[in-house]
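Residue-level structural notes
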Amino acid sequence: MNCLPNVNSGDFVELQSGVAGWVKFCSWTSSYSEAFQPEDWPGVEYDGLMIEQENGALLFTEKDDFLTGSDQIVHPRDPRN
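What this report covers is the structure whose coordinates are included nearby.

The rules behind each value
- Residues numbered from 1 in each chain as written.
- Predicted model: local features only at pLDDT ≥ 70, side-chain atom pairs only at ≥ 80, totals over all residues.
- Heavy atoms only, no water.
- Helix = DSSP H or I, 4+ residues; strand = E, 2+ residues; numbered from the N terminus.
- Buried < 20%, exposed > 50% of the residue type's maximum accessible area, 1.4 Å probe, protein only.
- Contact = heavy atoms within 4.5 Å.
- Areas by Shrake-Rupley, 256 points an atom, 1.4 Å probe, with all protein chains shown as cover.
- Phe/Tyr/Trp six-rings, centres within 6.5 Å; stacked < 30°, edge-to-face > 60°.

Quick look at the overall build of the protein now. A tally of regular secondary structure across the protein gives one helix and six strands. Counted from the first residue to the last, the protein has its helices and strands arranged as β-β-β-β-β-α-β. Out of the 81 residues in the protein, the part that is buried amounts to 35%. For the protein, the proportion of contacts with a sequence separation of at least 24, taken over those separated by at least 6, is 48%. Here the protein has roughly 4800 Å² of accessible surface; of this, 44% comes from carbon and sulfur atoms.

Within the chain, Ser30 stands out as a residue other than glycine whose phi angle is a positive 55°. Secondary-structure assignment places Ser30 in the loop between strand S2 (20-26) and strand S3 (31-32).

On to the side chain of Ser33. Structurally, the position occupied by Ser33 is in the loop between S3 and strand S4 (48-53). Take Ser33: its relative accessible area is 15%, and that puts it in the buried class. Residues in contact with Ser33, not counting those within four places in the same chain, are Ser9 and Lys24.

As enumerated under the stated definition, the model contains nine aromatic pairs in all. For the ring pair Phe25 and Phe36, a centre distance of 6.3 Å and an interplane angle of 40° mean the geometry is tilted. Placement of the pair is Phe25 in strand S2 and Phe36 in the loop between S3 and S4, with a sequence separation of 11 residues. Each member of the pair Phe25 and Phe36 is classed as buried. Their ring planes at 40° and their centres at 6.1 Å tell us that Phe25 and Phe60 sit as a pair that is tilted. With Phe25 in strand S2 and Phe60 in strand S5 (residues 58-62), the pair connects residues that are 35 residues apart, well separated along the chain. Among the residues examined, Phe25 registers a relative accessible area of 0% and is labelled buried.

Here is the structure:
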């Protein structure tokens, strides 16, 4: 079983699946942006990572995908670099 990455709202990440974007919330670190509050995205239904891609599209990846290795964060990165 894999470890969960330490990511927070506002981080820019790239996933193994090729998706890249800004973290809007991460349920396992309890880090939520102002626009994505936990009461609107309860962990019972949304236990995972919400990413906003550069084109504005949102992608939710479940925590289990990271635990099973179905997807992984390749590396957090700063899009300006």
